[in-house]
Amino acid sequence: MNNSFMVFSGTATRYLAEKICQSLGCPLGQLQITKFSDGEFSVSYEESIRGRDVFLVQSTFPNSDNLMELLLMIDAAKRASARTINAVIPYFGWARQDRKDKPRVSIGAKLVADLLSAAGVNRVITMDLHADQIQGFFNVPVDHLYASNVILPYLQSLNLPNLCIASPDVGGSKRANTYAKYLGCPLVLCNKTRARANVVATMQIIGDVEGKNVVIIDDMVDTAGTITKAADIMKAAGAKTVRACASHCVMSGPASERVQNSALEEIVFTDSIPYSQRCAKVKQLTVADLFAETIRLVIENKSISNQYLI
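Because the structure is predicted, anything quoted here is derived from the model rather than measured.

Draft legend 1. Just the overall build of the protein, in detail. Per the secondary structure count, the protein includes 8 helices and 14 strands. Here the C-alpha atoms of the protein give a radius of gyration of 20 Å, agreeing with the 19 Å that 2.2 N^0.38 yields for 310 residues. The principal-axis extents of the C-alpha atoms in the protein amount to approximately 60 × 45 × 35 Å. Out of the 310 residues belonging to the protein, those deemed buried represent 52%. Taking all contacts inside the protein whose residues are at least 6 apart in sequence as the whole, residues at least 24 apart take part in 63%.

Draft legend 2. The arrangement of the side chain of Asp-53 in detail. As for its placement among the helices and strands, Asp-53 is situated in strand β4 (residues 53-57). Since its relative accessible area comes to 10%, Asp-53 is described here as buried. At 2.6 Å, the side chain of Asp-53 and the side chain of Thr-84 are in polar contact. Leaving out residues up to four positions away in the same chain, Asp-53 has contacts with Ser-4, Phe-5, Met-6, Arg-83 and Thr-84.

Draft legend 3. Geometry of helix α1 (residues 14-24). Among the residues of α1, Leu-16, Ala-17, Ile-20, Cys-21 and Leu-24 are the ones counted as buried. Buried residues along α1 cover an arc of 140° about the axis, so they all sit on one side. Packing partners of the buried residues in α1 comprise β1 (5-9), β4 and α8 (288-299). Gly-25, located one to two residues past α1, shows a positive phi value of around 75°.

Draft legend 4. Spotlight on helix α2 (residues 65-79). Helix length check: α2, at 15 residues, gives a terminal C-alpha distance of 21 Å against a target of 21 Å (1.5 Å per residue), a fit within 8%. Listing the buried residues of α2 in full gives Asn-66, Leu-67, Glu-69, Leu-70, Leu-71, Met-73, Ile-74, Ala-76 and Ala-77. Buried positions along α2 lie against β1, β2 (31-35), β3 (41-45), β4, β5 (84-89) and α3 (108-119). Looking one or two places after α2, you find Ser-81, whose phi comes out positive at around 70°.

Draft legend 5. How the structure looks around unusual backbone geometry. Of the consecutive residues Pro-62 and Asn-63, the connecting peptide bond is found in the cis state with omega at 5°. Tracing the sequence through the fold places Asn-63 in the loop between β4 and α2. We note that Trp-94 has phi near 70°; this positive angle belongs to a residue other than glycine. Position of Trp-94 relative to the elements: it lies in the loop between β5 and α3. In this model, Asn-162 sits at a positive phi of 50°, which is unusual for a non-glycine residue. Looking at the secondary structure, you find Asn-162 in the loop between α4 (148-158) and β8 (163-167).

Draft legend 6. Structural view of the packing of aromatic side chains. With the rule as written, the count across this model stands at 4 aromatic pairs. Ring centres of Phe-5 and Phe-55 lie 6.4 Å apart, and the angle between their planes is 80°; this geometry places the pair in the edge-to-face category. A residue pair is termed long-range when its members are at least 10 positions apart, and Phe-5 in strand β1 and Phe-55 in strand β4 qualify at 50 residues. With a centroid separation of 5.7 Å and an interplanar angle of 65°, the aromatic rings of Tyr-146 and Tyr-308 are classed as edge-to-face.

Draft legend 7. Expanded view of the nonpolar core. One finds Val-7, Ile-20 and Phe-55 to be the most contacted residues of the largest nonpolar core, which totals 42 residues. Per-element accounting of this core gives the leading share, 8 residues, to α8. Grouped together as the second largest cluster of nonpolar side chains are 34 residues, Met-6, Leu-56, Met-73 and Phe-92 included.

Draft legend 8. Up close: the pattern of salt bridges. With the rule as written, the count across this model stands at 12 salt bridges. Residue Asp-114 pairs with Lys-110 through a salt bridge whose shortest N-O separation is 3.0 Å. Taken as a pair, Asp-114 and Lys-110 lie in helix α3 at a separation of 4 residues, close to a single helical turn. Here Lys-110 falls in the partly exposed class, since its relative accessible area comes to 30%. We note a salt bridge from Glu-293 to Arg-296, for which the minimum N-O separation is 2.5 Å. With Glu-293 and Arg-296 both in helix α8 and 3 residues apart, the pair spans about one turn of that helix. A relative accessible area of 27% means that Glu-293 is categorised as partly exposed. Exposure remark for Arg-296: the relative accessible area of 19% places this residue in the buried category. What emerges from the salt-bridge pattern is a single network uniting Asp-75, Lys-78 and Arg-79.

What counts, and where the lines are drawn
Residues numbered from 1 in each chain as written. Predicted model: local features only at pLDDT ≥ 70, side-chain atom pairs only at ≥ 80, totals over all residues. Heavy atoms only, no water. Helix = DSSP H or I, 4+ residues; strand = E, 2+ residues; numbered from the N terminus. Rg over C-alpha atoms; globule rule 2.2 N^0.38 Å. Buried < 20%, exposed > 50% of the residue type's maximum accessible area, 1.4 Å probe, protein only. Contact = heavy atoms within 4.5 Å. Polar contact = N/O pair within 3.5 Å; in protein donor to acceptor, adjacent residues only side chain to side chain. Arc of directions from axis to C-beta. Expected span 1.5 Å × (residues − 1). Phe/Tyr/Trp six-rings, centres within 6.5 Å; stacked < 30°, edge-to-face > 60°. Core = buried A, V, L, I, M, F, W, Y, C linked by side-chain atoms within 4.5 Å. Salt bridge = Lys/Arg side-chain N within 4 Å of Asp/Glu carboxyl O.

Take a look at the structure:
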């Protein structure tokens, strides 16, 4: 490792940036964010970054201040003559708005990609985008990592007999099928219809879960309505146990209460988003080493293909 790179963090993702720096064996860069009484804030680097490869760690989960912080960090780095500016975004927010699914709506994911590009980013390192095509919204390299690197070893460590992988909806079937193939177990699907955003109207199971230890795979859990309903239905259909694994712990509104009161044995996330609420069923696995190794490979101009378990 050389000293030509520096790692900085926004406010919300400092906990993860510190673990990434520990894995890299480097200090976390000094960055000051000054807040004004009206809610506005400014960003300033407290040490020289001229000619350095700068890695800015910040997830863009709600509220929008986290995205704005990242944009200001990128702009400040550009104006401070950083050699390259690399945005490390463990959770890329607004990704559910990846297409026009009804008339007169925005494509939020494309807008965020344009904002990052306009600010001056040279590379984006992210994990488990809600839709793979979002990579094409950027005109700079995007290193798209997968949480399966940490989730699969955890599932294997459980040594569950009669394992069955499930997808909570048809849209996540490709992801779940990849897990099922790797683990050599059957796949079941849930077919759901929504009354409106975050509200599930109906759900049916496609496949047999009787006597199986079911693991539901998803990319994120927001209000936990879909995942808990799927767990309850599978348990009622004869599943021995039901667990869930998801990359991003959004867990907004009544999510924690729903998970606690559901048929789920546990729900496993990465730490791409911090989780401070109390729910005994929630477990988080760190992705700090995954991102640290990717940063190391980028610095050394090496392939990151060995980062992909599946």
